Number of protein chains: 2
Amino acid sequence: MARKRVYFFGNNRAEGSSAMRNLLGGKGADLAEMTNLAVPVPAGFTITTEVCTEFYENNQRYPKGLTEEVASSLAKVEKVMGRKYGDPVNPLLVSVRSGARVSMPGMMDTVLNIGLNARTLQGIITQTGNERFAYDAYRRFVQMYGNVVMGVEDEAFEGLIEAKKKEKNVKLDMELTAEDWKELTAKFKQAVKTHTGQDFPEEPMKQLWGAIGAVFESWNTKRAKKYRELNNIPEHWGTAVNVQTMVFGNMGNDCATGVAFTRDPATGEKRFYGEYLPNAQGEDVVAGIRTPQPINNVGKTDPNLVSLEDFMPQVYKELTVIYKKLEKHFTEMQDIEFTIEKGKLWMLQTRRGKRTATAAIRIAVDMKKEGLITKKEALRRVPPADLDQLLHPTFDPSAEKKVIARGLPASPGAATGKVVFTADRAEELAGQSEKVILVRIETSPEDIGGMAAAQGILTQRGGMTSHAAVVARGMGKCCVAGCGDLVVDYANRRFTVDSLSVNEGDFISLDGGKGEVMLGQVRTVMPSLSGHFGILMKWADETRRLNIRTNADTPNDAKVARGFGAEGIGLCRTEHMFFEGDRIMAVREMILADNVASRERALAKLLPMQKGDFIGIFREMAGLPVTIRLLDPPLHEFLPHERAQIEALAAEMNVPVEKLREKVESLKEFNPMLGHRGCRLGITFPEIYKMQTRAIIEAACELAKQKIKVIPEIMLPLIGDVTELRLLKKDAIEVATQVMKEQGIKVKYTVGTMIEVPRGALTADKIAEEAEFFSFGTNDLTQMTYGFSRDDSGMFLNDYLKKGIFEKDPFQVLDQVGVGELMKIAAAKGRSVRKDLKLGICGEHGGEPSAVEFCHRIGLNYVSCSPYRVPIARLAAAQAAVKEEANKQKAKTKKRPARATVKKAKVAAKKSKASAGRSKKRG
Amino acid sequence: MARKRVYFFGNNRAEGSSAMRNLLGGKGADLAEMTNLAVPVPAGFTITTEVCTEFYENNQRYPKGLTEEVASSLAKVEKVMGRKYGDPVNPLLVSVRSGARVSMPGMMDTVLNIGLNARTLQGIITQTGNERFAYDAYRRFVQMYGNVVMGVEDEAFEGLIEAKKKEKNVKLDMELTAEDWKELTAKFKQAVKTHTGQDFPEEPMKQLWGAIGAVFESWNTKRAKKYRELNNIPEHWGTAVNVQTMVFGNMGNDCATGVAFTRDPATGEKRFYGEYLPNAQGEDVVAGIRTPQPINNVGKTDPNLVSLEDFMPQVYKELTVIYKKLEKHFTEMQDIEFTIEKGKLWMLQTRRGKRTATAAIRIAVDMKKEGLITKKEALRRVPPADLDQLLHPTFDPSAEKKVIARGLPASPGAATGKVVFTADRAEELAGQSEKVILVRIETSPEDIGGMAAAQGILTQRGGMTSHAAVVARGMGKCCVAGCGDLVVDYANRRFTVDSLSVNEGDFISLDGGKGEVMLGQVRTVMPSLSGHFGILMKWADETRRLNIRTNADTPNDAKVARGFGAEGIGLCRTEHMFFEGDRIMAVREMILADNVASRERALAKLLPMQKGDFIGIFREMAGLPVTIRLLDPPLHEFLPHERAQIEALAAEMNVPVEKLREKVESLKEFNPMLGHRGCRLGITFPEIYKMQTRAIIEAACELAKQKIKVIPEIMLPLIGDVTELRLLKKDAIEVATQVMKEQGIKVKYTVGTMIEVPRGALTADKIAEEAEFFSFGTNDLTQMTYGFSRDDSGMFLNDYLKKGIFEKDPFQVLDQVGVGELMKIAAAKGRSVRKDLKLGICGEHGGEPSAVEFCHRIGLNYVSCSPYRVPIARLAAAQAAVKEEANKQKAKTKKRPARATVKKAKVAAKKSKASAGRSKKRG
């Protein structure tokens, strides 16, 4: 075999390591790494992600030789653990779990206790002396395997348990006896036979392979696909399969199981934080069915609970040593899972812990201060898009709040919305732009879509590490979990708190930081950007090369953006000003004008209003550049289209209905996107652009007289040919010169262009002869480069994403291959003619982190984005600079390969040849 | 002066030559060349085209030093001609004419007899002893100068002449005496004063500069601009001004004037062909007012006329020697003008003669056979677009014809249309897609637009070299001129022939080859492509590298195209088949289908029809490749949109109106161009493309069984990402494999893609991994690259052409800079991955000669165009190959410059430096 497909770990030595994350998946890599760190890990092995890919490429068949590799690794496990798989006396039981490159909580199926059958069960009974535990384990195995591998609905099994409990008149599973479980196990097997027509497999190796297959198949379930879609995880990554010795936290009262974070995942505070359940299996903690106990006394809020620190002080001490070792080793906050089997601590998992944006920032800043990581690394640690959570309002402390219930502060944030009780309804209403709060007894992976669509999540049951809490934190959603005051009534679509009843559609507000549930919509205030956030932003500003501007059309937007650190305006859309208030009437008058003179009369009415707008914006941006785009949209956007509206307007304007109708008709276009708009308006109606230029320069002059520094940049949209720009630039300069003469003062201004038409990019060398700056309008550029309009692509874009034709929606994530290629061409051609050509981007991609990095890479001067995305862009720009430097370092290292490396490579090549030869012989 | 601005010619030596056409204009260059050839040319000088450009760039002011240069050249003329400008005893008179790089007949103003005033007139009288001639010349000068230079309407002068004739009770100008003309001249001057408020200039130098200025100004008259627009002549070329000694063909009966072609401009036959008028000035021939006499007996049709050959045998002999010398020297058919002054022959002009396409072909083929030019040169001589004239039907000889009148066969062709009497009306009706025949007493330059809009031109007066005839031949329009049987009655919008009256709007037909005017619409037949045409096409085929295919959707189109030499089909649009007859119902059923199964049922109905189409087309194209594009247009194009139609269709299809309306509504798009179409349909409805693939392969298999060779190429439209292609190609291969298995026979086929979306071009390297061929869809590519749709660009494209932003409509002439850049990128990227990638073009540019040349240059394998354009493309492809070779030769020569050349260049550089120094001193 040329390719190793199975990696063993156990007894402090593993074949893999954390460097092999892509191959072994996150969990497999970390188990290997932990093993190598001499942390107590139950032995096992990992089947690589490549096998998953091969499996799907090869019509769901396993590659040759896999069986042999699995067998040989299993033998190593048996040796290390001192047990034998399928042995009736000393049986080894294993778990089979998925493990993709990145953690996908709850998305992949797991099967435990594999290897149990009538014969091995006896071994377990003999060894543990605990018949009830053994039969419980057995029925758990049959139930899980029957559900996950054989596809029997879990209700079938749960129904049998309920029936049994009824029969015995007991309430809890705990109250059932060994004999009950034994009976139930037999019934479970019968249920499997009834539902599937197949016998439940008794043969341990058949069980093992069934479970492995189920993991690979679960990679392509609907919910896994949905998660990948939401998280931009490519399909071809695949999942690894981890087969690991079972250890049990539920063998008795000297057993326990728990999960913990090395720091507080909500705030980032440096304290060991977690939960455990005595005499329980791991699922019991995560599933949120039993309320867990705090891991230590610091985290104890309820005096009735017993911490692990008090319950098993020795084990807690051991755990403390291990978590510190792990965090130090990975230099990252870890999310760990452990099981205590008869007093012996086993680590089942460690991985990078999910956290809120607040926590991510604090941890990064703290770790830098602790000397664990560098400043650059700290910058890399915070996903820029996550900052979004912090940039939105929180509840106004002075607002009146009617707190109706309290739960766990599972994921911070302030959310307000209409109550809904199902994920589907949440998606439906969110699709209609409604804000909703998803209320569930507890959430499950099927709810992912609804959670993403909701403003916040409220659950009746479950702890800080329950499904709802973990997923919400990952999404940056506000979540209040385990709110026991609530009684959720799905059937009647309502929940009650004592006598209060809240129905679907009623407004509630959630404070995820405090765990408060409030009635109605509570007033919010702007976020504060100081503290750890401020420090990180300062580091970002010191590191980045790109300037960050904002897209703002009003003085207020400009002010907000400047507060967020914007260094100017990259796009001020003048048409937004045309729609406001009574201006629209002057605009319509202008459109209806039959000749230049009457058009100029109408424009003269608009002039003072536009000038006023610019004065307000310039004032907010004093000392910083302001790029103003002249009128862009087609004129018909300013006119009504319905008969009744046309008639009303005609009356209001005192023009014949027929005339107005004709105008509306004559302005109709087959493809407005590709019609009479942008600079084409300026060419046919030069007086419009002249008025706008006059407004800009008059405003600039007025402020200049007040000693306020104004840097106007006049931007012409939709330029495809230099001649368009030449003509319009000439007009603009003429007007500007005239105005400055009238005003008796000079202001500096520049004239540039949007690059948003493919031809503009392709002929950028010509256009740069006239343009003093380019601003990439990637919204239109994306539409024209792909040849589909944003408005119409809904008809097929979902199909494209589902069928994997597009990995991402190009309107959200910049298409670097196609649209980006045009940007590169334009940048290179433009700078070839004008060395100091200022380059920016003002499309909506301007605040999207991957686009920011791309813009950095191709040498843009700035990105411009909406005010709330400015901090995101600042961080993304810093990360781009850090990444670039790292790549340069890498390139340097590559260029001069050390002797040892060369030697190693040669040896590897020889080996691979040799093994290829062997595999041929075998084949 | 660094730059020489005035070039003298005379007495067999000229400062210029025909190589300086850009600088001296066509006329100036040819006058210089003729002078150098020792042909008798009245001395004169040419002011360069650069002066015209400087004049317009410099606010209509002349460059410094021009006055001195003109004065010094005038002195040389005086010396050579033995006369003095402005001299009362022995006065020199001059003409001032325009002369652009290419001939623009009738477009530029001319002033004759300049230098006449009360004093110089006496010298003329004394020297000629012909007072009547002298006064006639004087009044002509005042009339022409008053009109052209001073802007007085010609009617003012003509009115005075008419009044005079009435007063004297005579009918013809000839009947007026010297005294009459003397009187009239005085009145003319008075009229100038009345109309302009200025005195008529008496000072000869003032007259000269006035005329020069008028020529430069006439470059920018409306009609000159219109001509340039129609003929794609750039504005910056400018015109030269030719100042030349006057010679007179109207001094008496030993004088004459004429124009001639060295070969027949209508048929190309090798015979000297021309007309003259005794005792007349040149304008009299061209203006078509007097019916001219044939130049020789071969051309004599009317026994009452006297040929120049008989009238002045000695001069005719001299003329024969000269025309042969000129044709041999220029190796081109010449259009010459001459004047005989008192028995002395003067050549006034020679230039490349305009000709019909038939003549162009015959002349090129004959000249090659005569050894005058090479085969390659012969190919270059025929403008490919002109072939269009020959590729359209002629009248069916067996059709019934009612010939109502006969005129001169001024420009061949068959034309049918409604009679109109004004150019405006012709343009108006043509704008409504009506075919019209423009009927005029005689045409003038103001009629150019109407002539271009008409199918054919019919005039009552004027000869074979009249304005109508020359312009019509240039345009390739059918023209019957000088049809004296006609009486045109503008006032009543009709013409009469004897008792027959034909009104505006009545249909007539013209046979420009026979000079026949027929009543009604006469049936036409296909052209024959043999003879000289066949020879030229054979040479083209031997020379070209590009293959020529056709765009054809029906067996008949395919057959026509193959007859024209098409080497396969480059684009077969399957949707055209969807609209035909009862198929549209099956298509609609398919669109209304709610699920895959019912969609497949509807498609099953279409399958046999599509298959039948393909069988027909494959059969016609046996042995040649056929590229079939799968369904492209958005589905809503197949449904009605008006309420009434929707209701009718719902009834017909037996579906609820509401369902149909909803479907129509749901398919509506904001920008259909950028919507759900092309391969996007294939992605969402794979069954449509599968049906089409099945139809193609089943058809191919059926013919293959009949031993007919079929080469199907399946083409996927609107591909922007390789993943689209990968998915659809997989489907196509699956279906094809299945069909061939069913049919038990194999056929070769390929799968490729349109490149018509910018992203497709930009990512061509990825796409070429899957595509076996690319076909550039330059219609869509142009729309998306420019970002304007063809349907909507009407709103501004005219403004763009008028304001000079675009030189040409990019939908007619391929934009090589922008769209072409994308093609180059795609070709290079595509071939970098797949060396043998077949590249073609199937947009409407495929038959446009400049695009064909571009496609050759960037290495395409073929161009595909409409059937009637196939011969044009064949010739254009040959010209591209010839040009490429010529450029290679040029490049070689440039690389190794001869020693002499280098030396010359150095000397030139030194000279230019020296003169620059001098000019500084003077400045």
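What counts, and at which threshold
Residues numbered from 1 in each chain as written. Chains lettered and ligands numbered in written order. Predicted model: local features only at pLDDT ≥ 70, side-chain atom pairs only at ≥ 80, totals over all residues. Heavy atoms only, no water. Helix = DSSP H or I, 4+ residues; strand = E, 2+ residues; numbered from the N terminus. Rg over C-alpha atoms; globule rule 2.2 N^0.38 Å. Buried < 20%, exposed > 50% of the residue type's maximum accessible area, 1.4 Å probe, protein only. Contact = heavy atoms within 4.5 Å. Areas by Shrake-Rupley, 256 points an atom, 1.4 Å probe, with all protein chains shown as cover. Lys, Arg positive; Asp, Glu negative; His and termini not counted. Charge placed at Lys NZ, Arg CZ, Asp CG, Glu CD. Disulfide = S-S within 2.5 Å. Polar contact = N/O pair within 3.5 Å; in protein donor to acceptor, adjacent residues only side chain to side chain. Least-squares fit on C-alpha atoms with pLDDT ≥ 70 in both. Pairing = 2+ DSSP bridges. Axes fitted to C-alpha atoms, helices over the stretch in contact; angles between N-to-C directions. Buried area = accessible area lost by both parts, 1.4 Å probe. Salt bridge = Lys/Arg side-chain N within 4 Å of Asp/Glu carboxyl O. Expected span 1.5 Å × (residues − 1). Left-handed = near helix turned anticlockwise from the far one by under 90°. Nonpolar A, V, L, I, M, F, W, Y, C, P; charged D, E, K, R; others polar. Parallel < 35°, antiparallel > 145°, perpendicular 65-115°, else oblique. Right-handed = clockwise from strand over helix to strand, strands pointing away. Phe/Tyr/Trp six-rings, centres within 6.5 Å; stacked < 30°, edge-to-face > 60°.

Looking only at helices and strands, chain A has 35 helices and 34 strands in total. Relative to its length of 923 residues, chain A is compact, with a C-alpha radius of gyration of 33 Å against a globular reference of 29 Å. Taken along the three principal axes of its C-alpha coordinates, chain A extends 105 × 75 × 55 Å. A burial count over chain A gives 55% of its 923 residues as buried. Once local pairs closer than 6 in sequence are excluded, the contacts in chain A between residues at least 24 apart make up 68%. For chain A, the exposed surface amounts to about 38700 Å²; the carbon and sulfur share of it is 50%. In chain A, 135 positive and 116 negative side-chain charges are present, and the distance between their average locations comes to 8 Å.

On to the state of the cysteines, then. Inspection of the entire model under this criterion finds 0 disulfides over all chains. Here A:Cys483 stays unpaired: no disulfide links it, and the sulfur of A:Cys479, its closest cysteine neighbor, is 10 Å away. Between B:Cys701, a cysteine without a disulfide, and B:Cys572, which holds the nearest cysteine sulfur, the sulfur-to-sulfur distance is 17 Å. Classification of B:Cys701 as buried rests on a relative accessible area of 0%.

Looking now at the side chain of B:Thr459. Residue and element names in this part refer to chain B. Considering the arrangement of structural elements, one finds Thr459 in strand E19 (residues 456-459). For Thr459, a relative accessible area of 1% translates into the label buried. Looking at Thr459, its side chain comes within polar contact range of the main-chain nitrogen of Gly482, at 3.1 Å. Among residues more than four places away in sequence, those in contact with Thr459 are Arg440, Ile441, Glu442, Thr443, Ala468, Val480, Ala481, Gly482 and Cys483.

Aligned on chain B, chain A shows an RMSD of 0.3 Å; the corresponding rotation is 179° and the shift along the axis is 0.1 Å. Within this description, the copies of the chain are treated as partners about a two-fold rotation axis. Taking C-alpha positions as the reference, the residue of chain A nearest the rotation axis is A:Asn671, at 1.9 Å. A share of 100% of the interface residues of chain A reappears at the interface of chain B, consistent with the copies meeting face to face through the same patch.

Residues and elements named next belong to chain A. Read across the sheet, 6 strands follow the order E2-E1-E3-E8-E6-E7 without closing on themselves; strand pairing throughout is antiparallel. With partners counted over all chains shown, the strands left at the sheet margins are strand E2 (13-14) and strand E7 (111-114), one partner each. Bridging between strand E6 (residues 94-100) and strand E8 (residues 239-245) involves 7 bridges; their strand directions are antiparallel. Looking at the pairing, Ser95 lines up with Gln244 of E8.

Right, let's talk about the sheet that holds strand E10 (residues 273-278) of chain B for a bit. All names here are of chain B. One open sheet accounts for 5 strands, arranged E11-E10-E9-E12-E13; its pairing is antiparallel. Strand pairing shows two members of the sheet lacking a second neighbour, strand E11 (293-294) and strand E13 (344-352), which therefore form its edges. The sheet contact formed by strand E9 (residues 256-261) and E10 spans 6 bridges and is antiparallel. If you follow Thr257 over to E10, its bridge partner there is Leu277. Sitting on the sheet, helix H12 (residues 313-330) touches strand E12 (334-341) and E13, and the angle it makes with E13 is about 25°.

What follows concerns unusual backbone geometry. Unusually for a residue other than glycine, A:Asn169 sits at a positive phi of about 55°. One can find A:Asn169 in the loop between helix H6 (154-168) and helix H7 (178-196). Relative accessible area serves as the criterion here: at 69%, A:Asn169 is assigned to the exposed category. Unusually for a residue other than glycine, B:Lys707 sits at a positive phi of about 65°. Mapped onto the elements, B:Lys707 comes out in the loop between helix H26 (686-705) and strand E30 (711-716). A relative accessible area of 76% means that B:Lys707 is categorised as exposed.

At the interface, 47 residues of chain A touch 47 residues of chain B. Taken together, the two surfaces of chain A and chain B that pack against each other cover about 4300 Å², and 62% of this comes from carbon and sulfur. The largest per-residue losses of area from chain A upon contact with chain B belong to A:Leu674, A:Arg759 and A:Met795, which jointly make up 15% of the total buried on that side. Linking chain A to chain B there are 4 salt bridges.

Look at helix H3 (residues 66-81) of chain A: 22 Å from first C-alpha to last across 16 residues, which is about the 22 Å you get at 1.5 Å a residue. Two residues or fewer after H3(A) comes A:Gly82, characterised by a positive phi angle close to 70°.

Moving on, we come to the packing of helix H4 (residues 118-128) of chain A against helix H5 (residues 131-148) of chain A. Residue and element names in this part refer to chain A. Axis separation between H4 and H5 bottoms out at 8 Å; the angle between their running directions is 145°. Considering how the two elements wind past one another, H4 and H5 form a crossing that is right-handed. Along its contact with H4, which presents Ala118, Leu121, Gln122, Ile124, Ile125 and Thr128, the element H5 presents Glu131, Phe133, Ala134, Tyr135 and Tyr138. For the contact of H4 with H5, a count of residues per class yields 8 nonpolar, 2 polar and 1 charged.

Here helix H27 (residues 722-743) of chain B spans 31 Å end to end across 22 residues, near enough to the 32 Å set by a 1.5 Å rise per residue. Looking at H27(B), one finds that the buried residues are B:Val722, B:Thr723, B:Glu724, B:Leu725, B:Leu728, B:Lys729, B:Asp731, B:Ala732, B:Val735, B:Ala736, B:Val739 and B:Met740. Against the buried residues of H27(B) lie helix H31 (794-802) of chain A together with helix H25 (679-684), H26, E30, strand E31 (750-755) and helix H29 (764-767) of chain B. Note on H27(B): the residue one or two positions beyond its end, B:Gly744, has a positive phi of about 65°.

Moving on to the pattern of salt bridges. Residues and elements named next belong to chain A. Counted according to the given criterion, the structure contains 137 salt bridges over all chains. Between Arg440 and Asp447 there is a salt bridge; the shortest N-O distance is 3.4 Å. Among the ionic pairs, Lys838 bridges to Glu713, the shortest N-O distance being 2.6 Å. With Lys838 in strand E33 (residues 838-841) and Glu713 in strand E30 (residues 711-716), the pair connects residues that are 125 residues apart, well separated along the chain. A relative accessible area of 27% means that Lys838 is categorised as partly exposed.

In this section: the packing of helix H19 (residues 555-563) of chain A against helix H22 (residues 596-620) of chain A. Between two packed helices, what matters for the description is the angle formed by their axes and the separation of those axes. Residue and element names in this part refer to chain A. It is at 8 Å that the axes of H19 and H22 come closest, and there the two elements cross at 10°. Classed by the angle they form, the pair H19 and H22 counts as roughly parallel. Contacts between H19 and H22 pair Pro555, Ala558, Lys559 and Arg562 from the former with Gly616, Ile617 and Glu620 from the latter. A class-by-class count of the residues in the contact of H19 with H22 yields 3 nonpolar, 1 polar and 3 charged.

All names here are of chain A. Side chains Gly456 and Leu458 of strand E19 (residues 456-459) all project onto a buried face; the interleaved residues Ile457 and Thr459 project onto the opposite face, where all are buried too. Bridge analysis of strand E18 (residues 436-440) against E19 gives 4 bridges, and the strand direction is parallel. Looking across to E19, one finds that Arg440 is bridged to Thr459. The handedness of the E18 to E19 crossover, carried by helix H16 (residues 448-453), is right-handed. Direction of pairing for E19 relative to strand E20 (residues 478-481): parallel, over a ladder of 3 bridges. If you follow Leu458 over to E20, its bridge partner there is Val480.

A word on the packing of aromatic side chains. Working definition: an aromatic ring pair is given by the centre-to-centre distance plus the angle between the planes. All names here are of chain A. Per the counting criterion, the structure on display carries 48 aromatic pairs over all chains. Relative to Phe188, the ring of Phe157 has its centre 4.9 Å away and its plane inclined at 65°; by these criteria the two rings are edge-to-face. Here the residue Phe157 occupies a position in helix H6, and Phe188 occupies one in helix H7, the gap between them amounting to 31 residues. Neither Phe157 nor Phe188 differs from the other in exposure class; each is buried. These aromatic residues form a ring-pair network of at least three members: Tyr786, Phe788, Phe796, Tyr800, Phe806 and Phe811.

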